[in-house]
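# Report on the structure
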Amino acid sequence: MALDEASEVSEAQIAVHWREEELYYPPAKFIGQANASDPAIFQRFSEEHFPECFKEYADLLTWDRYWHTTLDTSNPPFWKWFVGGRLNASYNCVDRHLARDPNKAALLWVPEPEQEPTVAVTYQELYRRVNELAALLQGFAGVKTGDRVTFHLPMVPELPVAMLACARLGVIHSQVFGGFSGAACGGRIADSQSTILVTMDGYYRNGELVDHKVKADEAVARAAEEGMTVDKVLVFRRHPGEYASKSPMVAGRDFFVDEVIGDYRDALVEPVSMPAEAPLFIMYSSGTTGRPKGCQHSTGGYLAYVTGTSKYYQDIHPEDTYWCAADIGWITGHSYIVYGPLSLGTTTVLYEGVPTYPDAGRAWRIAERLGVNIFHTAPTTIRMLRKLGPDEPKKYNYHFKHMTTVGEPIEPEVWRWYYEVVGKGEAAIVDTWWQTENGGFLGSTLPALQPMKPGSCGPGVLGIYPVIYDEDGNEVAAGSGKAGNICIRNPWPGIFQTIWGDPERFIDTYYRKYCKDPDSKDWHDWPYFANDGAMQAADGYFRILGRVDDVINVAGHRLGTKELESAAVLAEGVAEAAAVPVVDELRGRAVEMYVSLRPGFVASDEIKRGVSDVIASEIGKVAIPKNVWIVADMPKTRSGKIMRRVIAGISNFTDVGDTSTLANPEVVDDIREHVQSEKRARGEVPKALSAKDKEEIGQFGQAE
Ligand code: PRX
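All chains use their own residue numbering, which begins from 1 and follows the written sequence. With the structure being a predicted model, the display of local features is reserved for residues of pLDDT at least 70 and the display and counting of side-chain atom pairs for 80 or more, all residues being used for whole-chain, interface and lining totals. To get the side-chain values, take all heavy atoms of the structure and skip hydrogens and water.

### Describing the site of the ligand
Here is the rule we go by: Any residue with a heavy atom positioned within 4 Å of a molecule or strand is treated as near that molecule or strand. Contacts described as polar in this section are N or O atom pairs within 3.5 Å, which, within protein, must combine one atom able to donate a hydrogen with one able to accept it, while residues neighboring in sequence count only if both atoms come from side chains. Using a 1.4 Å probe, the Shrake-Rupley method yields the accessible areas, and only the shown protein chains count as cover for residues. By definition, any uninterrupted DSSP run of H or I lasting at least four residues is a helix, any uninterrupted run of E lasting at least two residues is a strand, and each is numbered from the N terminus. The residue classification treats Ala, Val, Leu, Ile, Met, Phe, Trp, Tyr, Cys and Pro as nonpolar and Asp, Glu, Lys and Arg as charged. All others, Gly included, are polar.
Every one of the 16 residues lining the ligand counts as a neighbour, but Asp 431, Thr 432, Thr 436, Asp 532 and Arg 547 are closest to it. In the model, a nitrogen atom of the ligand is placed 2.8 Å from a nitrogen or oxygen of the Thr 432 main chain. Take Asp 532: an N or O atom from its side chain is 2.6 Å from an oxygen atom of the ligand. A total of 540 Å² of accessible area belongs to the ligand in isolation, and the protein chains cover 93% of it. At the level of elements, strand 20 (428-432) and strand 25 (542-547) are the ones that each hand at least two residues to the shell around the ligand. Looking at the shell around the ligand element by element, the count peaks at three residues for strand 25. Looking at the shell around the ligand residue by residue, the classes come out as five nonpolar, six polar and five charged.

If you want it as structure tokens, here you go:
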């Protein structure tokens, strides 16, 4: 399809220059064994059967009490699923599998150092560890049903154990990505009002034993500044009995779990029967304002949704060995490393470190040695594996039946390498589009029944009815070649319940824009606004263009521009800051930071370093800017808003677009000259950008 007729496209619609890609059909061998291979499933999940169709997912769980109302819409948009039902998530992920297969590995944990042996945690062993930790949390830490506990844990088995221990007690867990700074963790502790922090002394990353406990001290201090006292810090040790951190243990506050757990040896804790709509966990997501959003997920709806989608879209069978190489600190890990796979009673692989450590063959050696047959990762990892070892997969004797890509749009060229080289042409691929807010997949192909199309996620998944609206709420037709805002017309069981502590922001961000009638109690009037741009091809497949708000996706980590800028202005001398993305071959995007200085300060490398340091400590190393540019003034609109797309254009050597609405258009040439001459001198001129990248840069921050 030629899509160059951009001239008619309104400001809200994004011109799209992608060409249509050819379809790939799943291998017969895959179809023969797939969980969903009968097209009748589409009929069962068609709109006329909504919401009762989701009974099929809920029936995959073991309920203590069955629900009486599948969907309660009495208080839009705070939907309630499976009302009246009671269940326990830990029971569903652990206890119920014991009778059939107690000695099967639930977790296979691969430490990063290759000489350390893989640890198999059987379902029986998982049961013991979850019970003991639940007893410790209850007895020693004094947590009660409904309390929040924050984890700042790396990729170790202790993390799923801790999640399931909380779930057993009906305690709400909040895992903060281990790579985030102590300050970021502290802010999330304060927001969720956790009195307990669970952490680890250290972990391996890129060959180094990282000191992690030091971040706990920073986190507790930051939480205290924000008014929240942490009573206890529970510290797992990477090597029990040895302490990997230089940070001293604080008497009366910090405790080694391996010491305290002795009092709870073989303790059993009855799983607490929770209402379906009780919160199971909070997962923070970057947003457009400085404060991250605590997405609150339910017990019954969430667990039903991730179990159903794991079964049909991930095609997980109990006898599979499934490896999702995401971090459990992100929603992908919660849903598709821990809750979905364990609820189905399969073997799920956890890898501690970097997939290319110590060399580009590592991931494939893991796959070969453990017999992984389902592989799940993100485009940023695929790009890295391809760059560092394009021929490595061929050297290893593994066979994937199924592979996933998630988290950002994948370039068709990269998709084809994934399919042909990683998948050896034998695997069905699903490109799954969804968000922290959603609990599980929204757009994808049902792997045995719908063909794959590189770069497109596919249609809405079972029971999800998407639509694209323009800025005025008119539907953008499939096949029109125009993009708009993708929305989901209906509620679904995995949707988050609210933003923790901020229901108004929940409504404002996701429902206000396209609500047809704020007084209506009919779900049809409350489409969910995903905040993503998308376009739909004539065949119904969606291509996701990325967030319409200002988020920079660095190697799969979504960093809010406002969060970055709020950190940058903490640096000595900085008056104003603007974060923009630069296209980065490996990480997808990198951050560039523009700052202007307070009077009396002179540009210096020291100030630039100060900006990078404060971003590293406030947010994390992943967010460190590729460059910090000190400018005399930012390009601004007459109302004083910074025009990020103009500086993004300069950083990426693309067209800066219309500057006539600026209050100070004269600064643009000065900034361009300064930034681009320095970039030229450093050899940082990017190769020609793809049409899609240009599009994104050209409209970055447009919402301002
Ligand atoms: O812009 C979309 C992009 O990632 C955003 C959600 O990020 P996060 O909440 O961190 O969750 C990531 C894992 C679910 C979306 O709003 N995104 C996610 N998956 C895809 C995607 N963009 C294109 N294709 C995908 N498959």
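### Looking at the packing of aromatic side chains
The condition is simple: The rule is short: rings of Phe, Tyr and Trp, with Trp giving its six-membered ring, pair when the centres are within 6.5 Å, and they are stacked under 30 degrees, edge-to-face over 60, tilted in between. Counting as a charge over the ring demands two things of the Lys NZ or Arg CZ atom: a distance within 6 Å of the ring centre and an angle within 35 degrees of the ring normal.
Here the structure, examined in full by the defined rule, presents 49 aromatic pairs. Above the face of the Phe 140 ring, Lys 232 is positioned so that its terminal group lies 5.1 Å from the ring centre. Here the guanidinium or amino end of Lys 424 rests over the ring plane of Tyr 398, the centre of that ring lying 3.8 Å away.

### Looking at the confidence of the model for the chain
Put simply, the rule is: pLDDT expresses, on a scale from 0 to 100, how confident the predictor is about each individual residue. Contacts are assigned to residue pairs with any non-hydrogen atoms lying within 4.5 Å of each other.
On average, residues of the chain carry a pLDDT of 92, and 95% of them reach 70 or more. Predicted confidence is poor over residues 1-17, with pLDDT under 50, and the contacts of this stretch with residues over four places away or in other chains come to 32 contacts.

### A short note on the sheet that holds strand 14 (residues 279-285)
By way of backbone hydrogen bonds, the strands of a sheet pair with one another, either parallel or antiparallel. Basically, it comes down to this: Here, a strand pair is defined by DSSP locating no fewer than two bridges between the strands. Between N-to-C directions, angles cover 0 to 180 degrees, with each direction set by a line fitted to C-alpha atoms, over the stretch in contact for helices.
If you trace the eight strands from one edge of the open sheet to the other, you get 12-11-8-6-7-14-15-23, paired in mixed fashion. Here the strands that pair on one side only, and so sit at the sheet edges, are strand 12 (254-256) and strand 23 (498-499). Helix 7 (residues 182-192) rests against strand 6 (148-152), strand 8 (196-200) and strand 14 of the sheet, and its axis sits at about 170° to strand 6.

### Topic: the sheet that holds strand 5 (residues 119-122)
A sheet is described by the order of its strands in space; here seven strands give the open sequence 5-4-17-16-18-19-20, paired in mixed fashion. The strands lining the two open edges of the sheet, one partner per strand, are strand 5 and strand 20. Along the sheet, successive strands turn relative to each other by an average axial angle of 20°, direction set aside. Examined bridge by bridge, strand 18 (residues 374-377) and strand 19 (residues 402-406) share four bridges and lie parallel to one another. Bridging from a neighbouring strand, Thr 377 pairs with Thr 405 of strand 19. Set on the sheet, helix 14 (residues 412-422) makes contact with strand 18, strand 19 and strand 20; between it and strand 19 the angle comes to about 160°.

### Quick notes on the packing of helix 13 (residues 379-388) against helix 14
What counts, and what does not: Small angles under 35 degrees read as roughly parallel and large ones over 145 as roughly antiparallel, with 65 to 115 read as roughly perpendicular and the rest as oblique.
Following both chains from N to C, one finds helix 13 and helix 14 inclined at 70°, their axes separated by 10 Å at the closest point. With respect to each other, helix 13 and helix 14 are oriented roughly perpendicular. Facing Ile 382, Arg 383, Leu 385 and Arg 386 of helix 13, the residues of helix 14 in contact are Glu 413, Val 414, Trp 417 and Tyr 418.

### Some thoughts on the side chain of Lys 213
Residue placement: Lys 213 occurs in helix 8 (residues 213-225). One polar contact links Lys 213 to Ser 247, side chain to side chain, over a distance of 3.3 Å. Apart from the residues within four sequence positions on either side, Lys 213 is in contact with Met 200, Asp 201, Val 235, Tyr 243, Ser 245, Ser 247, Pro 248, Met 249, Arg 253 and Asp 254.

### Section: the pairing of strand 19
Test applied: To sort residues, take the accessible area from a 1.4 Å probe on protein chains only and compare it with the maximum for the residue type: under 20% means buried, over 50% means exposed, and anything in between is partly exposed. Here, the term right-handed applies to a crossover whose path from the first strand over the helix to the second runs clockwise when the strands point away from the viewer.
By the criterion of burial, strand 19 is predominantly enclosed, with five of the five residues buried. Residues His 402, Thr 404 and Val 406 point to one face of strand 19 and Met 403 and Thr 405 to the other, with burial holding for every one of them. Regarding topology, helix 13 serves as the crossover connection from strand 18 to the parallel strand 19, and that connection is right-handed. Where strand 19 lies against strand 20, five bridges are found, and the strand directions are parallel. Each residue of the ladder has a partner; that of Val 406, found in strand 20, is Thr 432. Read as a crossover between parallel neighbours, the route from strand 19 over helix 14 to strand 20 is right-handed.

### Quick look at the pattern of salt bridges
The condition that has to hold: Definition used for salt bridges: Asp or Glu carboxyl oxygen within 4 Å of a side-chain nitrogen of Lys or Arg.
According to the stated counting rule, one finds 47 salt bridges in the structure shown. Glu 125 is paired through a salt bridge with Arg 128; the nearest N and O atoms lie 2.8 Å apart. Highlighted residues: Glu 125 and Arg 128, both in helix 5 (residues 123-139), separated by three residues, approximately one helical turn. The exposure class of Glu 125 is partly exposed, given its relative accessible area of 26%. Across the pair Lys 513 and Glu 471 runs a salt bridge whose closest N-O atoms are separated by 2.9 Å.

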